[in-house]
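# Results of the structural survey
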Amino acid sequence: MAATTTTSLGGATGGGDDRVLATAQQILKSLKAPKEDREDMLLIFSTFDNRLSGITDLINGDDSKSSDGADDDDEDLDRFEAAEKVILVDASIYTEPSRQSTSLFDPPNDPVEYFTAVDEIIQWMEHFTIAPPHQSAGKTGQIILDRAENAIQLAMSRLEDELRHVLICNTVPPDSVSRCSTNRRNSLSFSLHDGAIDDNSSSFGDVSDPGSHRFHERGVSLGDDLFVDLVRPESIMNLKDIIDRMVRSGYERECLQVYSSVRRDALVECLAILGVEKMSIEDVQKVEWKSLDEKMKNWVQAVKVVFGVLLSGEKRLCDSLFGDLDDLKEICFNETAKGCVMMLLNFGEAVAICKRSPEKLFRILDMYEALRDGMPDLEDMVTDEFVITEAKGVLRGLGEAAKGTFSEFESCIRNETSRKPVLTGDVHPLPRYVMNYLKLLVDYGDAMDSLLQISEEALYRFTNDLGGDGSQLEALSPLGRQILLLMSELEYNLDEKSKLYEDLALQQVFLMNNLYYLVRKVKDSDLRGLLGDDWVRKRRGQVRQYATGYLRASWSKALSCLKDEGIGGSSNNASRVALKERFKSFNACFEDIYRVQTAWKVPDDQLREEMRINISEKVIPAYRSFMGRFSGQLEGRHAGKYIKYIPEDLETYLLDLFEGSPAVLHHIKRKS
């Protein structure tokens, strides 16, 4: 019979007969029996298969042909048993109920020894996979295979726990993530009263009143190069050692489950640190606005941090640990990212379908912009189509919510019909509310331009009911068109409110104050760039018209007393009586105006000064001229009853007008 060359684990070269002989040889060597016992066994084997009749050559034949192979096989078996012992001993210690848990990487454990043992068992398993023990090898080969599988199972159980332990212990503390969003915030002032406009002027504040406004914080934009280590760098090699052995042993699923569950929990914990909690749609809809606003703000910051920092960090970590295992790497990252991404998307979806009210618009736009800006990064990293589809759906939902909320704001302005006038003629709360709102809205021009379009109904109302020029809209951006429509609605509303005043002069003061307020807010903000200089010039002209209307309505009667008609140049009794009546009428008119109009208010210092100058230029020269021509006719001890004021007195009294608090007019005592 031809000589048989054996290989590790009983593999043989040659035909089927050689394989049978080699298997028998391996079984005998594994039993480590004395030579005489092995000879008896071989005789027994030969009775079962005549191919083994010459098997005694394996024992008595040329030792030079088999001794080296036998020694190699013995050495292989010795290494296997030594490796098996390392794993079994570790398992027995690791599973003791009273033991103190220690990591493989903590003294006195030797991770190199353990990983070497695992590698040895893996090699045996790979050999068995390539050349499984032949059935003719009997139970002995199967016993070795079973022992190897048992050792692998114990080792993988240990490494599974070790993977979890190393990941948890070396995860960077989540609170360090919050530093990503602690940069300086850009705070913009905005006054609201739960989105409602009512008759109570105290419900609306102005940015100039520190006690009546709160801040709308847009948050920060994170730098493109911002990143954090999600696990401590010194643990990377340990994790790679564990993952490599688990994958080679066929424990990819267990590796994936442990890794993704630990990292998923870590990301969710980061969300909690960033102020995002798991909430159902019903929970979100029950939250009061003040609390919801804070949660929405936290969500915006969390999206920026998660999409811009954490997920890219997770991607780098997966790439580092799984190397060329592309499929496993992709699955691991998707499973890790899915939990926190879906948690963010669920909140976004809940907000998108919440009841709409004007005060929510800016925070919804913050959310829309954050998700829109983060989508490219998300699509680059996450390959789970379900997650991407959900994200796109939430983005559309937030866009629709923004449009619907803006429409709610437009309706709120159009239908605001409070019947309580501002007694002083001051700026109404409505334009304060609207202008503060619109000044903030301009900051979202990019998002609003992509979302807004003018309806046919709105265009018809602008060109017909509001007297607007449709060509004005053509040169404006989508947001500019909507703001022009809103401003027209507001002007129309204010004109209707002016009709609540019975005093025509106060009606003109009210319109002047409010339109001047609109002009100043537009001129001093980015609204001017949207509405254009023509809009500002036209409204300034209207302000002057209202001021002129006030002079006509308020001072015409007083000025009519200073005309020459009916007096003449003589000093007869009729002329003196008429002259006395003129002075008395002027005095009464002036005092009545003073008494009433010191309670009126022109809040802008410059406009108030211009109004006083206009009055002075109309009244003082006319009064001085009248006095100069006719005061001589009333000389005598009773002249003071009729000529109560000199021009300088009137100029002094005019300084009290439009201060918003009634003043008592006292006759000024002059030195003789």
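Every chain is numbered on its own, with residues counted from 1 as its sequence reads. Thresholds applied to this predicted model are a pLDDT of at least 70 for local features of residues and 80 or more for the giving and counting of side-chain atom pairs; totals over whole chains, interfaces and linings are not thresholded and use all residues. Where side-chain values are given, they derive from all heavy atoms of the structure, hydrogens and water being excluded.

Right, let's talk about the overall build of the protein for a bit. Each helix is a run of DSSP H or I of at least 4 residues and each strand a run of E of at least 2, with the numbering of both proceeding from the N terminus. Secondary structure summary: the protein contains 24 helices and two strands in total. The buried share among the 672 residues of the protein stands at 48%. Contacts spanning at least 24 positions in sequence make up 79% of the contacts within the protein whose residues lie at least 6 apart. Only the protein chains shown count as cover for residues, and the accessible areas themselves come from Shrake-Rupley with a 1.4 Å probe. Accessible area for the protein stands at about 33200 Å²; split by element, carbon and sulfur atoms hold 49% of it. Partly exposed residues are those whose accessible area sits between 20% and 50% of the maximum for their type, while under 20% is buried and over 50% is exposed, using a 1.4 Å probe and protein chains only. Contact criterion: two residues are considered in contact whenever any of their non-hydrogen atoms come within 4.5 Å of each other.

Any helix carries an expected span of 1.5 Å times its number of residues minus one. Helix length check: helix 7 (residues 236–248), at 13 residues, gives a terminal C-alpha distance of 18 Å against a target of 18 Å (1.5 Å per residue), a fit within 8%. Positive phi appears at G250, one or two residues downstream of helix 7, with a value of about 85°.

This next bit is on the pattern of salt bridges. Pairing between side chains becomes possible if they bear opposite charge and their charged atoms approach one another. Salt bridge, as used here: a side-chain nitrogen of Lys or Arg that lies within 4 Å of a carboxyl oxygen of Asp or Glu. Across all of its chains, the model carries 40 salt bridges by this definition. Here R253 ties to E254 by a salt bridge, and the two come within 3.4 Å at their closest N and O atoms. With its nearest N and O atoms 3.0 Å apart, the salt bridge here joins R539 to E491. Of this pair, R539 sits in helix 21 (residues 533–560) while E491 sits in helix 18 (residues 478–498), and the two are 48 residues apart along the sequence. Each member of the pair R539 and E491 is classed as buried. Salt bridges linked by common partners bring D119, D241, D244, R245 and R248 together as one network.

Attention shifts here to unusual backbone geometry. Look at the link from P107 to P108: it is a cis peptide, with omega at 5°. Examined against the element boundaries, P108 turns out to sit in the loop between helix 4 (63–94) and helix 5 (111–130). Of note, the phi angle at F658 is positive, near 65°, even though the residue is not glycine. Among the secondary structure elements, F658 is positioned in the segment after helix 24 (647–654).

It is worth spelling out the environment of V306 at this point. Inspection of the secondary structure puts V306 in helix 10 (residues 289–322). Relative accessible area serves as the criterion here: at 1%, V306 is assigned to the buried category. Residues V306 and L378, spaced 72 residues apart in sequence, show a C-alpha to C-alpha distance of 9.6 Å. Apart from the residues within four sequence positions on either side, V306 is in contact with L271, L311, C340 and L344.

Among the secondary structure elements, D495 is positioned in helix 18. Taking the C-alpha atoms as reference points, D495 and Q507, separated by twelve residues in sequence, lie 9.1 Å from one another.

Here we come to the nonpolar core. Here, nonpolar core refers to any group of buried Ala, Val, Leu, Ile, Met, Phe, Trp, Tyr and Cys residues whose side-chain atoms link them within 4.5 Å. Among the nonpolar cores identified, the biggest contains 183 residues, and L311, L398, L438, Y550 and W555 are the most heavily contacted of them. Here this core gets 17 residues from one element, more than from any other, and that element is helix 10. For L398, the residues in contact, after removing those within four places along its chain, are W299, G348, V351, A352, I364, M367, Y368 and L371.

Once that is clear, we can look at the confidence of the model for the protein. Per-residue pLDDT for the protein has a mean of 80; in total, 72% of the residues score no lower than 70. The model gives residues 57–67 a pLDDT under 50, and that stretch makes 13 contacts with residues more than four places away or in other chains. Values of pLDDT, the confidence the predictor places in each residue, fall between 0 and 100.

Put simply, helix 21 and helix 23 (residues 605–630) touch, their axes get as near as 11 Å, and they point 35° apart. Read as a crossing pair, helix 21 and helix 23 show a hand that is right-handed. Here helix 21 contributes V543, A547, Y550, L551, W555 and L559 to the contact with helix 23, which in turn contributes L607, M611, N614, I615, K618, V619 and A622. Each residue gets one of three labels, nonpolar for Ala, Val, Leu, Ile, Met, Phe, Trp, Tyr, Cys and Pro, charged for Asp, Glu, Lys and Arg, and polar for the others, Gly among them. Looking at the contact of helix 21 with helix 23, its residues break down into eleven nonpolar, one polar and one charged. Every axis corresponds to a line fitted to the C-alpha atoms, with the helix fit spanning only the stretch in contact, and the corresponding angles, defined between N-to-C directions, vary from 0 to 180 degrees. Crossing handedness is defined as follows: a turn of the near helix away from the far one that is anticlockwise and smaller than a right angle gives a left-handed crossing, while the clockwise case is right-handed.

The largest bend in helix 10 comes to about 40°, at V306. Looking one or two places after helix 10, you find G323, whose phi comes out positive at around 55°. Here the bend at a residue is taken as the angle between two axes, fitted respectively to the seven residues that end there and the seven that start there.

All right, on to the packing of helix 7 against helix 8 (residues 252–273) then. Relative placement of two packed helices is described by the angle separating their axes and the distance separating the axes. Packing of helix 7 against helix 8 brings their axes to within 7 Å, and their N-to-C directions diverge by 145°. Across the interface between the two elements, I243, M246 and V247 from helix 7 touch E252, E254 and C255 from helix 8. Tallied by class, residues from the contact of helix 7 with helix 8 come to four nonpolar, no polar and two charged.

Our next topic: the packing of aromatic side chains. Two rings from Phe, Tyr or Trp (for Trp, the six-membered ring) form a pair when their centres are within 6.5 Å of each other. A pair whose planes differ by under 30 degrees is stacked, one over 60 is edge-to-face, and the rest are tilted. Inspection of the entire model under this criterion finds 20 aromatic pairs. For the pair F626 and F630, a centre-to-centre distance of 4.9 Å together with 55° between the ring planes defines the contact as tilted. In this pair, F626 and F630 are both assigned in helix 23, four residues apart and thus about one turn of the helix distant. The class for F626 is buried, based on a relative accessible area of 0%. A relative accessible area of 6% means that F630 is categorised as buried. For the ring pair Y645 and Y653, a centre distance of 5.8 Å and an interplane angle of 85° mean the geometry is edge-to-face. Connected via pairs of aromatic rings, a cluster forms that spans W555, F586, F590, Y594, Y623, Y645 and Y653. When the ring centre of F333 is taken as reference, the NZ or CZ atom of K315 above it lies at 6.0 Å. Only lysine NZ and arginine CZ atoms are considered, and such an atom sits over a ring when it is within 6 Å of the ring centre and within 35 degrees of the ring normal. Lying across the ring of Y517, R432 places its NZ or CZ 5.6 Å from the centre.

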